[in-house]
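# Report on the structure
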Amino acid sequence: MHQVAERLYVGGIGAASEEPALHDAAIEVVVGLTHDPPAGGYPDAVRVVREPMMDGPRNEVPAFERAVEATLDALTSDERTLVHCSAGASRSVAVAAAALTETTDRDLEAAFRQVVDRRPPADPHPALVRHAADYVGLED
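Residues numbered from 1 in each chain as written. Predicted model: local features only at pLDDT ≥ 70, side-chain atom pairs only at ≥ 80, totals over all residues. Heavy atoms only, no water.

### Observations regarding the overall build of the chain
Worth spelling out the cut-off: Counting from the N terminus, the helices are the DSSP runs of H or I reaching at least four residues and the strands are the DSSP runs of E reaching at least two. Each radius of gyration is computed over the set of C-alpha atoms, and the globule rule expresses the reference value as 2.2 Å times the number of residues to the power 0.38. Per-residue accessibility, obtained with a 1.4 Å probe over protein chains only, is compared with the maximum for each type, and a residue is labelled buried under 20%, exposed over 50%, and partly exposed between these values. Contacts: residue pairs with any heavy atoms within 4.5 Å of one another. Only the protein chains shown count as covering a residue, and every accessible area follows the Shrake-Rupley method with a 1.4 Å probe.
Helix and strand content of the chain: five helices and five strands. Along the chain, helices (α) and strands (β) appear in the sequence β-β-α-β-β-α-β-α-α-α when read from the amino end. In summary, the chain has a C-alpha radius of gyration of 13 Å against a globular reference of 14 Å for 140 residues, a match within 12%. When its C-alpha atoms are laid out on the principal axes, the chain stretches across 35 × 30 × 25 Å. By residue count, 51% of the 140 residues in the chain fall in the buried class. Sequence-distant contacts in the chain: of pairs separated by 6 or more residues, those separated by 24 or more amount to 65%. As displayed, the chain has an accessible area near 6,600 Å², and 47% of this comes from carbon and sulfur atoms.

See below:
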């Protein structure tokens, strides 16, 4: 799990069940993008918003939009938020970058750069980058 912005973290499915790490980071909301919860389940101390998505071009636009909205809802409520997918490399990175664009003065390219720089395994699928660009365009 890596902090990619103020109150915004990105990680893989394993991070979503690591109660000590979530506690240390004061995570209040977990936005889960996987179809299944982590093997150890989610800690009771966090609010979980499940918005399952497929990775890559199989992902449906409404699922992506719901995931970004869930992340934005948490961030605009000043809640420390972890967005996770399986590896914390594609889906969660694209959702976090779109949310970061909407909550800061960064454009999407700068938001992706920030997330990728702070989350070493980041490698968002080009289809998800396009979804993020479309989402940001819809909000203008």
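From this point on, the discussion continues.
### Quick look at the environment of Leu33
Mapped onto the elements of the fold, Leu33 is located in the loop between β3 (29-32) and β4 (47-50). Sequence separation of Leu33 and Val48 is 15 residues, and the distance between their C-alpha atoms is 11 Å.

### Quick notes on the side chain of Asn59
Our working definition: What qualifies as a polar contact is a pair of N or O atoms within 3.5 Å, subject to a donor-acceptor requirement within protein and to the restriction that residues adjacent in sequence count only when both atoms come from side chains.
Locating Asn59 in the fold gives a position in the loop between β4 and α2 (61-76). Reaching out from Asn59, the side chain makes a polar contact with the backbone nitrogen of Met54 at a distance of 3.4 Å. Those residues in contact with Asn59 that lie beyond four places of it in its chain are Met53, Met54, Phe64, Leu128 and His131.

### Comments concerning the sheet that holds strand β2 (residues 8-11)
To be explicit about the condition: In short, DSSP must find at least two bridges between two strands for them to pair. Note on geometry: axes are lines fitted to C-alpha atoms, helical ones only across the stretch in contact, with angles between N-to-C directions running from 0 to 180 degrees.
Reading across from one edge, β1-β2-β5-β3-β4 is the order of the five strands in this open sheet, with mixed pairing throughout. What marks the edges here is a single partner per strand, and that holds for β1 (2-5) and β4. Ignoring which end each strand starts from, the neighbouring axes of this sheet average 25° apart. Across four bridges, the pairing between β3 and β4 is parallel. Residue pairing across strands places Val31 opposite Val49, the latter belonging to β4. Lying on the sheet, helix α3 (residues 91-103) is in contact with β1, β2 and β5 (81-84); it crosses β2 at an angle near 165°. With respect to the sheet, helix α4 (residues 108-118) is in contact with β1 and β2, its orientation differing from that of β1 by roughly 160°.

### Structural notes on the environment of His125
On the secondary structure map, His125 appears in the loop between α4 and α5 (126-138). The exposure class assigned to His125 is partly exposed, which follows from its relative accessible area of 30%. The sequence separation of His125 and Pro57 amounts to 68 residues, and the corresponding C-alpha distance is 8.1 Å. Apart from the residues lying within four places of it in its own chain, the contact partners of His125 are Asp55, Gly56, Pro57 and Ser90.

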